[in-house]
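Notes for the structure review
Residue strings, one per chain:
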Amino acid sequence: MTRPYAPGFHIPTDLLLKAYASGVFPMAESASDPEVFWVRPETRGIIPLDGFHVPRSLAKTLRKGRFDIRFDSDFEATIDACAEKREERTSTWINAPIRQAYVELHRMDHAHSVEAWRDDRLVGGLYGVSLGRVFFGESMFSRETDASKVCLVHLVERLKARNFVLLDTQFTTEHLKRFGAVDVPRAKYETMLAEALKGSATFNP
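So, here's what we can say about the structure. What you are looking at is a predicted structure, and each value in this text was computed from that prediction instead of being measured.

1. Section: the side chain of Asp72
- For Asp72, the position within the fold is in the loop between strand 5 (68-71) and helix 3 (75-83).
- Arg158 provides the closest opposite charge to the buried, salt-bridge-free Asp72, at an N-O distance of 6.4 Å.
- Separated by 2.7 Å, the side chain of Asp72 and the backbone nitrogen of Ser113 make a polar contact.
- Side chain to side chain, Asp72 and Asn204 meet in a polar contact 2.7 Å long.
- Leaving out residues up to four positions away in the same chain, Asp72 has contacts with His106, Ala111, His112, Ser113, Glu115, Phe203 and Asn204.

Shown next as structure tokens:
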């Protein structure tokens, strides 16, 4: 499932993009661990874009328009918030090499954030990698109820509108299953990935 990456504080962006294109992604044991592991799960989590489900309670929140949704407004603040320790999670897999690599991908227009703001405060968001017609979701956070969920809805809307065909969630959780996330075997996922990489899509206008 995992293979170690040589310890260090830099992941080449070309290597990172090649990894995503082959169905592999990096993780770290903790924020303080400089070592990175390449992960290639036996089953892969995805959210079929045509099967995305918005729970009824969340639909009410969306109608209220509680949040100002922005795209790529503050990518670095979003990844930092995703890496923060929280009561329900005392450690994170986002270490220094991972943070640096994704910030570099963002500058190359290959990593993007969806952000929920209220009163000019960042209160929720998510980020991920775009390649071909695939968006690889990496992490999300909420400082207010439903903030990250609203960002997920806006992400899916944008992906549908911009010719994306595959939303990768890496793994499935009970939380993501509420939105339609499913597990697919590695071989099937890699076939879907190869097909989605044949075309191109643009995340931002």
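2. A look at the pattern of salt bridges
- Tallied over the full model, the rule gives 14 salt bridges.
- Of the charged contacts, one joins Arg40 and Glu190 as a salt bridge, the two residues approaching to 2.9 Å between their closest N and O atoms. Remark: Glu190 occurs in helix 7 (residues 186-196) and Arg40 occurs in the loop between strand 3 (36-39) and strand 4 (43-46); sequence separation between them is 150 residues.
- Judged by its relative accessible area of 28%, Arg40 falls in the partly exposed class.
- The class of Glu190 is partly exposed, set by a relative accessible area of 23%.
- Across the salt bridge formed by Arg70 and Asp68, the nearest N and O atoms sit 2.8 Å from each other.
- You can call Arg70 partly exposed: its relative accessible area is 23%.
- Members of the salt-bridge network, linked through shared partners, are Glu76, Asp80, Arg99 and Arg107.

3. Quick word on helix 7
- Considered for burial, the residues of helix 7 that qualify are Tyr189, Leu193 and Ala196. Down the axis of helix 7, the smallest arc covering the buried residues is 65°, so these residues share one side. Turned more than 90 degrees away from the buried face of helix 7 sit Ala187 and Thr191, all of them exposed.
- Tucked inside the fold, the buried residues of helix 7 contact helix 1 (13-21), strand 4, strand 8 (134-142), strand 9 (166-170) and strand 10 (182-185).

4. Let's talk about the nonpolar core
- Counting 38 residues, the largest nonpolar core has Leu16, Tyr20, Ile94, Ile98, Tyr102, Tyr127 and Phe136 as the members making the most contacts within it.
- In contact with Tyr20, other than residues within four places in its own chain, are Phe25, Pro26, Tyr102, Val129, Leu131, Phe136, Glu138, Gln170 and Leu193.
- Grouped together as the second largest cluster of nonpolar side chains are 25 residues, Ile47, Val114, Leu159 and Leu176 included.

5. Some remarks on the sheet that holds strand 4
- Strand order across the open sheet formed by 7 strands is 5-6-7-8-9-4-10, with mixed pairing between neighbours. The sheet terminates laterally at strand 5 and strand 10, the two strands that pair on one side only. Across the sheet, the mean angle from the axis of one strand to that of its neighbour is 35°, orientation sign disregarded.
- Alignment of strand 7 (residues 121-131) against strand 8, held across 8 bridges, turns out to be antiparallel. Looking across to strand 8, one finds that Gly125 is bridged to Phe141.
- This element, helix 3, spans strand 6 (111-118), strand 7 and strand 8 of the sheet and lies at about 100° to strand 7.
- Most of the contacts of helix 7 go to strand 10, to which it runs at about 95°, and overall it touches strand 4, strand 8, strand 9 and strand 10.

6. Some points on the environment of Ala187
- With respect to the helices and strands, the residue Ala187 is situated in helix 7.
- Owing to a relative accessible area of 57%, Ala187 belongs among the exposed residues under this scheme.
- In the structure, Ala187 is positioned 164 residues away from Gly23 in sequence and 10.0 Å away in space, judged by C-alpha atoms.

Thresholds, definitions, all that
- Residues numbered from 1 in each chain as written.
- Predicted model: local features only at pLDDT ≥ 70, side-chain atom pairs only at ≥ 80, totals over all residues.
- Heavy atoms only, no water.
- Helix = DSSP H or I, 4+ residues; strand = E, 2+ residues; numbered from the N terminus.
- Buried < 20%, exposed > 50% of the residue type's maximum accessible area, 1.4 Å probe, protein only.
- Lys, Arg positive; Asp, Glu negative; His and termini not counted.
- Salt bridge = Lys/Arg side-chain N within 4 Å of Asp/Glu carboxyl O.
- Polar contact = N/O pair within 3.5 Å; in protein donor to acceptor, adjacent residues only side chain to side chain.
- Contact = heavy atoms within 4.5 Å.
- Arc of directions from axis to C-beta.
- Core = buried A, V, L, I, M, F, W, Y, C linked by side-chain atoms within 4.5 Å.
- Pairing = 2+ DSSP bridges.
- Axes fitted to C-alpha atoms, helices over the stretch in contact; angles between N-to-C directions.

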